Amino acid sequence: MVKTDVSGLSQLGQAVDAPSSPEEAKLEKVPFSEAGTDFVVRFTAPEFTSLCPMTGQPDFAHIVIDYIPGEWLVESKSLKLFLHSFRNHGAFHEDCSIYIAKRIVALLEPKWLRIGAYWYPRGGIPIDVFWQTGAPPEGVWLPDQGVAPYRGRG
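Below, the structure is looked at part by part. Everything numeric here is computed off the predicted structure, so don't read it as measured data. (Residues numbered from 1 in each chain as written. Predicted model: local features only at pLDDT ≥ 70, side-chain atom pairs only at ≥ 80, totals over all residues. Heavy atoms only, no water.)

### Some details on the packing of aromatic side chains
Next up, step 1: Under the defined criterion, the tally for this structure stands at 7 aromatic pairs.
Next up, step 2: Each ring, one from F86 and one from Y99, has its centre 6.3 Å from the other, and the planes form 70 degrees; the classification is edge-to-face. In this pair, F86 is assigned in the loop between helix 1 (76-84) and helix 2 (93-108) and Y99 in helix 2, connecting sequence segments 13 residues apart.
Next up, step 3: With relative accessibility at 29%, the residue Y99 sits in the partly exposed group.
Next up, step 4: Judged by centre distance (5.3 Å) and plane angle (75 degrees), the ring pair of Y118 and F130 falls under edge-to-face. Of this pair, Y118 sits in strand 5 (residues 112-119) while F130 sits in strand 6 (residues 128-132), and the two are 12 residues apart along the sequence.
Next up, step 5: Of the residues examined, Y118 reaches a relative accessible area of 12% and is grouped as buried. (Phe/Tyr/Trp six-rings, centres within 6.5 Å; stacked < 30°, edge-to-face > 60°. Helix = DSSP H or I, 4+ residues; strand = E, 2+ residues; numbered from the N terminus. Buried < 20%, exposed > 50% of the residue type's maximum accessible area, 1.4 Å probe, protein only.)

So this is what it looks like as structure tokens:
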């Protein structure tokens, strides 16, 4: 087993202030020692928060990010701080969801990535956002994201 090279990380193991915006947030990566082995990494953020850009009211989502690494893994503390940076950021659900996915793709250049952003309804309409970089590689076990569709009182 190869020891992970963490020499380029600036946040892990350090006291770090939460970034004030997603643009300011620093996503970090570490080399993946098992490059060439296809498997799915899943991050789940069940209490994601951003702000409505019109009203300033909080919007909440359950976000699931699945990716198949290439040469890099996202460092989880930097991902947590990045997701936290949306708490005071005003953007529509679609913008937040796609921005998150594209930032991770730009950082890691993964073999494949998908995001499922399951937004809780305000005004009676849930807005769920789904995006992926393409078809997943054949032969990779890809479990369902496990988030039931919103049913309201139905």
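### What to know about helix 2
Next up, step 1: In a regular helix each residue adds 1.5 Å, so 16 residues correspond to 22 Å; helix 2 covers 23 Å between its end C-alpha atoms and thus fits that length.
Next up, step 2: Listing the buried residues of helix 2 in full gives H93, C96, S97, I100, A101, R103, I104, L107 and L108. Summarising the axial view, the buried residues of helix 2 lie within an arc of 160 degrees, below the 170-degree limit, and thus occupy one face.
Next up, step 3: Following helix 2 by one or two positions, E109 adopts a phi angle in the positive range, close to 50 degrees. (Expected span 1.5 Å × (residues − 1). Arc of directions from axis to C-beta.)

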